[in-house]
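The chain contents come next:
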Amino acid sequence: MFTEEKLGQAEKTELDAHLENLLSKAECTKIWTEKIMKQTEVLLQPNPNARIEEFVYEKLDRKAPSRINNPELLGQYMIDAGTEFGPGTAYGNALIKCGETQKRIGTADRELIQTSALNFLTPLRNFIEGDYKTIAKERKLLQNKRLDLDAAKTRLKKAKAAETRASQLNSARLEGDNNMVNFSYMLNFLHVKWLKIWAEEVTKSEQELRITQSEFDRQAEITRLLLEGISSTHAHHLRCLNDFVEAQMTYYAQCYQYMLDLQKQLGSFPSSYCNNNQTSVAPVPSASSNVIGSSALTSTSGLVIASPTNLIDLKECSGSRKARVLYDYDAANSSELSLLADEVITVFSVVGMDSDWLMGERGNQKGRVPITYLELLN
């Protein structure tokens, strides 16, 4: 019957426009939900092998083993490197701080994956594997009921056509009874039996049509009720989407705060990396640019940069003073002193020294330090 419909050789019962629209909406929802779900999985877990492993464990109803993620692995490498270089060195200390931040980002990344999987991916997957499978099953039953209805209509049509031909044939033969006197009784008997058979066939076909029509209408109503639930599915998925956006917002806010804290620890000005055979020049901006930079950095990370007046006090002070280190600084050569942010050192001026530098002292260590990396303490 389905092949005959495709070839245009059989009648096809058309579904009402509302039901057709609901079917189209359900199919569209299924297609895009699958695409969004798969791409979200790629976003949260870029490694395809890890996704396959998680899928297998999920099908086996077993918990996947916990594995270290990329930020956590990078953080561990940085911490190990910083430990080996020496936490007392500027570079080693910076590596350790960066590694700890990367590990915190890795933890936030893990929380994002867990929250998104629970509040976003799971509802989408439940729709594809649950609700839509039920819709597809009922839709298939509706298709079968429609084919049964079309077959019943075709049988009734053929039975009525045969009955009409039998009546015409019977009428033609009765007119010729004068020429077939010896067979008239037998022919009339056969014609009556033939008409009776086709009358019974028409009655049977009409009864079958009523039954198939009733079953088709009932299945169409069941399918329609299920399809109308797609609107509720959209509303539910909208709530899940809001949860996903909130999870992402929390994740990126955490990462932003972690990096702000790291920037505060490392200092906004990059350390000076100069070759040993080059003359060391402190990365000191002009007084006016320093004021501008101070305003910008204070608004973004809460850092406090020593004012120009404070720097002049440092340079013109007599004797030694205590100063707090604002940013990490790596010594470019043996005449300079490496600094760690927030440590307190003793500073004093030396006659003939460049105006951008002071002499710093920490225990038995002594060397030149850039003046803009310091804050004079009272």
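Residues numbered from 1 in each chain as written. Predicted model: local features only at pLDDT ≥ 70, side-chain atom pairs only at ≥ 80, totals over all residues. Heavy atoms only, no water.

On to the packing of helix α2 (residues 17-44) against helix α7 (residues 230-266). For the pair α2 and α7, interaxial distance at closest approach is 12 Å and the crossing angle is 15°. It follows from the interaxial angle that α2 and α7 lie roughly parallel. Along this stretch, α2 crosses α7, giving a crossing that reads as left-handed. In this structure, α2 contributes K25, A26, T29, T33, T40 and L43 to the contact, and α7 contributes I230, S231, H234, H237, F244 and Q248. (Axes fitted to C-alpha atoms, helices over the stretch in contact; angles between N-to-C directions. Helix = DSSP H or I, 4+ residues; strand = E, 2+ residues; numbered from the N terminus. Parallel < 35°, antiparallel > 145°, perpendicular 65-115°, else oblique. Left-handed = near helix turned anticlockwise from the far one by under 90°. Contact = heavy atoms within 4.5 Å.)

A word on α7. Compared with the 54 Å implied by 1.5 Å per residue over 37 residues, the 53 Å span of α7 between its first and last C-alpha is a close match. Residues I230, T233, H237, C240, F244, A247, Q248, Y251, C255, Y258, L260 and L262 constitute the buried set of α7. (Expected span 1.5 Å × (residues − 1). Buried < 20%, exposed > 50% of the residue type's maximum accessible area, 1.4 Å probe, protein only.)

Going through the model one piece at a time under the given rule, you end up with 7 aromatic pairs. On the numbers, 5.5 Å between centres and 20° between planes, the contact of F85 with Y91 is stacked. A relative accessible area of 47% means that F85 is categorised as partly exposed. Take Y91: its relative accessible area is 45%, and that puts it in the partly exposed class. Residues F120 and F244 carry aromatic rings whose centres are separated by 4.7 Å and whose planes lie at 10° to one another, so their mutual orientation is stacked. Of this pair, F120 sits in helix α5 (residues 90-175) while F244 sits in helix α7, and the two are 124 residues apart along the sequence. Look at F120 and you get buried, because its relative accessible area is 5%. Linked through ring pairs, Y327, Y329, W357 and Y373 together constitute an aromatic cluster. One Lys or Arg, K35, reaches over the ring of W32 and ends 4.5 Å from the middle of that ring. Cation over ring: R368 sits above W357, and NZ or CZ is 4.5 Å from the ring centre. (Phe/Tyr/Trp six-rings, centres within 6.5 Å; stacked < 30°, edge-to-face > 60°. Lys NZ or Arg CZ within 6 Å of the ring centre and 35° of its normal.)

Moving on, we come to helix α4 (residues 70-85). With 16 residues, α4 extends 22 Å between its outermost C-alpha atoms, agreeing within 8% with the 22 Å of an ideal straight helix rising 1.5 Å per residue. Looking only at α4, the buried set comprises E72, G75, I79 and G82. Along the axis of α4, the buried residues cluster in a sector spanning 90°; they form a single face. In α4, those exposed residues whose orientation departs by more than 90 degrees from the buried face are N70, Y77 and E84. Capping the start of α4 is the job of one residue whose side-chain oxygen sits 3.0 Å from the backbone nitrogen of E72: N69. Where α4 ends, the next residue or the one after it, G86, has phi of about 115°, a positive value. (Arc of directions from axis to C-beta. Polar contact = N/O pair within 3.5 Å; in protein donor to acceptor, adjacent residues only side chain to side chain.)

We now examine the sheet that holds strand β3 (residues 357-362). Sheet architecture is open: 5 strands sit in the order β4-β3-β2-β1-β5, paired in antiparallel fashion. Each edge of the sheet is formed by a strand with only one pairing partner; in this case those strands are β4 (365-370) and β5 (374-376). Each neighbouring strand pair of the sheet contributes to a mean axis angle of 45°, computed without reference to strand direction. Relative to β3, strand β2 (residues 344-348) runs antiparallel, the two sharing 3 bridges. Residue F348 lies in a different strand from β3, and its bridge partner there is M359. (Pairing = 2+ DSSP bridges.)

In this structure the tally under the stated criterion is 13 salt bridges. Residues K30 and E34 are paired through a salt bridge, measuring 3.7 Å at the closest nitrogen-oxygen approach. Placement of both K30 and E34 in helix α2 is noted, with a separation of 4 residues, approximately one turn of the helix. E336 is the salt-bridge partner of R368, the closest N and O atoms lying 3.7 Å from each other. Remark: E336 occurs in the loop between β1 (321-325) and β2 and R368 occurs in strand β4; sequence separation between them is 32 residues. By relative accessible area, which is 5% here, E336 ends up buried. (Salt bridge = Lys/Arg side-chain N within 4 Å of Asp/Glu carboxyl O.)

Here we take up unusual backbone geometry. In this model, D342 sits at a positive phi of 75°, which is unusual for a non-glycine residue. Inspection of the secondary structure assignment puts D342 in the loop between β1 and β2.

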